[in-house]
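Chain residues, written in single-letter form:
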2 protein chains.
Amino acid sequence: MSTSHIEELRAAIGSKYVLEGEARGPWCHDWTHIYSGDPLAVLRPGSTEDVAAVMRLAHDTGTPVVPVSGNTGVTGGGCALSGSLVLSLDRMNRIHDIRSEALLVRVEAGVILETLHAVVSGHGLTFPMTFGAKGSAMIGGMLSTNAGGSNVLRYGNMRDLCLGIEVVLPNGDVLNLMSELRKDNSGYDLKNLYIGAEGTLGVITGAVLKLVPTPKAFATAMVSVPGLSEALGLLNHLQTGTGGAVEAFEYMPAAYFARFEELYPDSRPPFAESHEVNLLIEIGALAARDATPTEDGSLPITTYLEELLAECFEEGRVIDAVIAQNATQRAEMWARREAAAEVTLSRRPLVNNDIALPLDQIEAFFSQMAERLEGIDPDADALSVAHLGDGNIHFTVYPSGSSLCDPIMEAVEDVATAMGGSFSAEHGIGLSKLPSMRRRKDPVALRVMHQLKAAMDPKGIMNPGKLIPDQNDWG
Amino acid sequence: MSTSHIEELRAAIGSKYVLEGEARGPWCHDWTHIYSGDPLAVLRPGSTEDVAAVMRLAHDTGTPVVPVSGNTGVTGGGCALSGSLVLSLDRMNRIHDIRSEALLVRVEAGVILETLHAVVSGHGLTFPMTFGAKGSAMIGGMLSTNAGGSNVLRYGNMRDLCLGIEVVLPNGDVLNLMSELRKDNSGYDLKNLYIGAEGTLGVITGAVLKLVPTPKAFATAMVSVPGLSEALGLLNHLQTGTGGAVEAFEYMPAAYFARFEELYPDSRPPFAESHEVNLLIEIGALAARDATPTEDGSLPITTYLEELLAECFEEGRVIDAVIAQNATQRAEMWARREAAAEVTLSRRPLVNNDIALPLDQIEAFFSQMAERLEGIDPDADALSVAHLGDGNIHFTVYPSGSSLCDPIMEAVEDVATAMGGSFSAEHGIGLSKLPSMRRRKDPVALRVMHQLKAAMDPKGIMNPGKLIPDQNDWG
């Protein structure tokens, strides 16, 4: 790509939206500062037509393109590549067509999650995905990584919450899949192929997202149970009891609380005694009958959760429980959970991961891992936090030395894979998980992925080197 | 493919499972008797290895393969092609690994839906998909068409209900995507590409399916409302009121009841007076508190539905309502709805379709269609039955002459497409919807589909001529 091509880009999308030199600054590295690159330019298109114009020129000149939105992913999927064009979707941030009856909203790819939350809440509706980076994450990146978070249990991940998308293809053609339909069997499921493709097949520029009615009240509790299999039993008991209204079912072990209390010495522990297996549970009440305070001021949904837990307590399936009595107590429970990044990253060296397991294999995973760690590094500490309700575990290990990181990561993957688990539940592959992809992904699946990539991006210009390991590495 | 190849097939899967001549009988045509063909042979493999052996030979010899399971699809997607090998999955009918805690089951592709219902019900669980052909439809075909039915509103379609699949690729390689995970972001979403591909990319041989707890009670009602926009309002009111427990929300107009009563003169009409917009509504109660009879013998879930409907009645949003008081009354309500095929197919000529619309466009669709029909054929009658809760309408028109069928189908598609609707909601494309696909599908989407087909089935042997129109027809 020559200087005259850069001039063409200036003419196409506006000169001030073509950033070179120092102006590229924030886009030359991702927020982890692990990955960085020296892109030709950073482009900030304002419309789908702008993106199409960029892609046509990139296609003609064989120039790599790296789409980026919030730039706060954790695997390096959006990090700049030297010699590439970085395509920032941040200016495409319009929210339009909030349709209360049809329960959907049409958005551009650069809308920030927290902004979307705020705008739709004015209509009594919720876009029911939330996670720590909600103040920076944008819809385009969330779709490209099929983002998850704490409410997947009830509402699903981005794939489940998305009715339609618009994609600019590598050659600049615009693929309009902006469906508002709940059912559509007219051909291959292209939508789900672009969702989770981490920008390697095209640029997602817009989406139709599902909305849900905002729960009228929440019942939130900290609960401890004898073991992880009792946790799964409790989840199923609560799901049946509430008709599937469990919004969050999050696991924190005693070690998590201990570390949290070291970091926040003013915090109060949730229970008088320390317990090994602790859960943050939240039930969302949609119905007025569950959310209207009774004469004594209590909420029926809270009373009902108390009753369900009391049954389990009598049977020994619950050891301890505290139900939030007001919004402050609820916020305190969530703050403890949402400090996960600070809590787990506060010691080095560490082995961090994002595995998923079949729901009924989680207890076996922990016991097998304890055994494996004993063999590799008896002095290692482990500390987990998990979206237990959907089988997603962030299992952090602190080895006694950096040289043990790789063998421990291999052991985690060995154990998870042998149980039918995944080495990447919600964070995606990007660059950081390419070694795991090479080692662990079914070679037949890798071959099919490679065929798809070659067919849909024949010049290999879309976010090259991410997501799919080089073919030489796996045959 | 020569006689010696047929001998190889006999050696691979067992001689008695290679059917030639008369023995091919039932597989030479589909149940509609619209489509028929003269296949080389019908093969009945007993295992994934058998299927792989067949595909390797078909691949080596460039022989087309048509996978078929229940053979009761409605678009000709599974119909035999002359010169092809028909691959019947009917012998692969094992159900294994019902996992109550993890809420999943592993099945082979030839399991019949009704059989699966019966087997999992013994565990207090439900596979929550149901439709008229449940006694013949098999999991493989249901996945290949991404089947829908009456409970999609609450539980989703096959894509939503499937955690993992096993696919034999065109070259005989086995792609193991038998995930049991609720979250897995390790690469492209291959699973959803094979689901709904109607056997044009590979042969689905097995699946991991989600199960749900069986509702402990149902509240079922026939309700009439002033118009279709009130119907959508009522749906959202009931969803909020019950926390999303609406299992079915089915629409039948007065004309449907009138025709039903002509065909079944002994039946009793649901209401004393005739109303234009009628709904069959069913709520499923998971919680014991909703399903335990009170002192007067009534079920709380029924009482609650009565209260919700009474509120709407007072506001004029509901005109009439009858709640089933026992299992017999519930069965009667469902029998009226499930006679849809008999009711709609009982007159000829007819224009039949399977459209999907955005939820808030349904009323506008009906009024625009009335206007269009007035222009094309003022004597035409229209009669609809709809899975209203998910926007899927089977809009049947009886023209005054056969020559008007095509213009009317075009008009239905014109109106639906202009509103962002689809010409195929749940039945798929097969052969019968190829003209609609050619006329209506976004050409960019058709091109991407063609790229995928060419990359994943380079010899073009998988169910050729189905789903994707010839490239010559759309450029």
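Residues numbered from 1 in each chain as written. Chains lettered and ligands numbered in written order. Predicted model: local features only at pLDDT ≥ 70, side-chain atom pairs only at ≥ 80, totals over all residues. Heavy atoms only, no water.

An unreviewed UniProt entry lists chain A under the name FAD-binding oxidoreductase, from Aliiroseovarius salicola. As its UniProt record puts it under Sequence similarities (unreviewed entry), chain A is described as follows: "Belongs to the FAD-binding oxidoreductase/transferase type 4 family." (UniProt positions renumbered as here; feature names shortened; annotations may be inferred.)

Novice: I would appreciate a short explanation of the overall build of chain A in the present structure.
Specialist: The number of helices and strands found in chain A is 18 helices and 18 strands. A principal-axis box enclosing the C-alpha atoms of chain A has dimensions of 75 × 55 × 45 Å. The proportion of buried residues among the 475 residues of chain A is 59%. Total accessible area on chain A is roughly 17,300 Å²; 51% of this is exposed by carbon and sulfur atoms. Positive and negative charge centroids in chain A, built from 36 and 60 side chains respectively, lie 7 Å apart. (Helix = DSSP H or I, 4+ residues; strand = E, 2+ residues; numbered from the N terminus. Buried < 20%, exposed > 50% of the residue type's maximum accessible area, 1.4 Å probe, protein only. Areas by Shrake-Rupley, 256 points an atom, 1.4 Å probe, with all protein chains shown as cover. Lys, Arg positive; Asp, Glu negative; His and termini not counted. Charge placed at Lys NZ, Arg CZ, Asp CG, Glu CD.)

Novice: How should the domain arrangement of chain A be read in this particular structure?
Specialist: A common way to report how large an interface is uses the accessible area buried once the components associate. Under the domain assignment used here, chain A contains domain 1 (3-88), domain 2 (95-213), domain 3 (217-338), domain 4 (347-427) and domain 5 (436-474). Using only C-alpha atoms to locate each centre, domain 1 of chain A and domain 4 of chain A end up separated by 36 Å. (Domains from an automatic or database assignment.)

Novice: Sorry if this is basic, but what is going on with the sheet that holds strand β6 (residues 104-108) of chain B here?
Specialist: Sheet strands line up and pair through hydrogen bonds in the backbone, either parallel or antiparallel. All names here are of chain B. Across the sheet, five strands lie side by side as β5-β6-β10-β8-β9; this open sheet has antiparallel pairing. If you trace the sheet from one side to the other, it starts and ends with β5 (95-99) and β9 (174-177), each paired once. Neighbouring strand axes in the sheet, compared pairwise and without regard to direction, differ in orientation by 10° on average. Summarising the sheet, β6 and strand β10 (residues 203-210) pair through five bridges and their orientation is antiparallel. Bridge pairing in β10 links L104 to K210. (Pairing = 2+ DSSP bridges. Axes fitted to C-alpha atoms, helices over the stretch in contact; angles between N-to-C directions.)

Novice: Help me out: how do you make sense of a negative patch on the surface in this one?
Specialist: Taken together, E306(A), E307(A), E311(A) and E314(A) make up a surface patch of like negative charges. Along the chain, E306(A) turns up in helix α11 (residues 300-314). (Patch = residues over 30% accessible without salt bridge, like charges linked within 9 Å, V, L, I, M, F, W, Y side chains within 5 Å. Salt bridge = Lys/Arg side-chain N within 4 Å of Asp/Glu carboxyl O.)

Novice: What exactly am I supposed to notice about empty space enclosed by the protein here?
Specialist: To find leftover empty space, one rolls a probe the size of a water molecule over the atoms. Under the counting rule described, the total for this entry stands at four cavities of 30 Å³ or more. As a volume, the largest cavity reaches approximately 240 Å³. Lining of the largest cavity is provided by 24 residues; of these, T242(A), G243(A), R289(A), T242(B) and R289(B) occupy positions nearest its centre. Looking at the lining of the largest cavity, the elements with two or more residues in it are α8 (228-242), β14 (277-285) and α10 (288-291) of chain A together with α8 (228-242), β14 (277-285) and α10 (288-291) of chain B. Looking at the lining of the largest cavity, its residues break down into 10 nonpolar, eight polar and six charged. (1 Å grid on protein atoms, 1.4 Å probe; cavity = no way out; pocket = protein on both sides within 12 Å on 5 of 7 lines; lining within 4 Å. Points joined across faces, edges and corners; volume = space filled by probe spheres on them. Nonpolar A, V, L, I, M, F, W, Y, C, P; charged D, E, K, R; others polar.)

Novice: What's the story with the pattern of salt bridges in this structure? I'm lost.
Specialist: Should the charged atoms of two oppositely charged side chains come close, the side chains can pair. Residues and elements named next belong to chain A. Within the structure shown, the criterion is met by 56 salt bridges over all chains. For E282, the salt bridge goes to R330, with nearest N and O atoms at 2.8 Å. Note that E282 is positioned in strand β14 and R330 in helix α12 (residues 327-338), a separation of 48 residues in sequence. For R440, the salt bridge goes to E410, with nearest N and O atoms at 3.1 Å. Here R440, found in helix α16 (residues 434-440), pairs with E410, found in helix α15 (residues 405-418); they are 30 residues apart in sequence, far enough to count as distant. Salt bridges here are not isolated pairs; linked through shared partners, they connect R372, E410, E413, D414, R439 and R440.

Novice: Even after reading the chapter, I still don't get the interface of chain B and chain A, so can you show me in this structure?
Specialist: Listed as interface residues are 86 residues of chain B and, on the opposing side, 86 residues of chain A. A combined buried area of about 6,400 Å² lies between chain B and chain A, and 55% of that area is made up of carbon and sulfur atoms. Of all residues in chain B, the largest losses of buried area upon contact with chain A belong to K183(B), N185(B) and Y188(B), amounting jointly to 16% of the total for that side. Here chain B is connected to chain A by 12 salt bridges. Along the contact surface separating chain B from chain A lie 38 residue pairs in polar contact (both at pLDDT 80 or more). Elements supplying a minimum of two residues to the side of chain B that touches chain A: α5 (152-155), β9, α7 (190-194), α8, α10 and α17 (443-456) of chain B. For the side of chain B that touches chain A, the leading source of residues is α17(B), giving 10 residues. For the side of chain B that touches chain A, the residue count by class is 35 nonpolar, 31 polar and 20 charged. (Contact = heavy atoms within 4.5 Å. Buried area = accessible area lost by both parts, 1.4 Å probe. Polar contact = N/O pair within 3.5 Å; in protein donor to acceptor, adjacent residues only side chain to side chain.)

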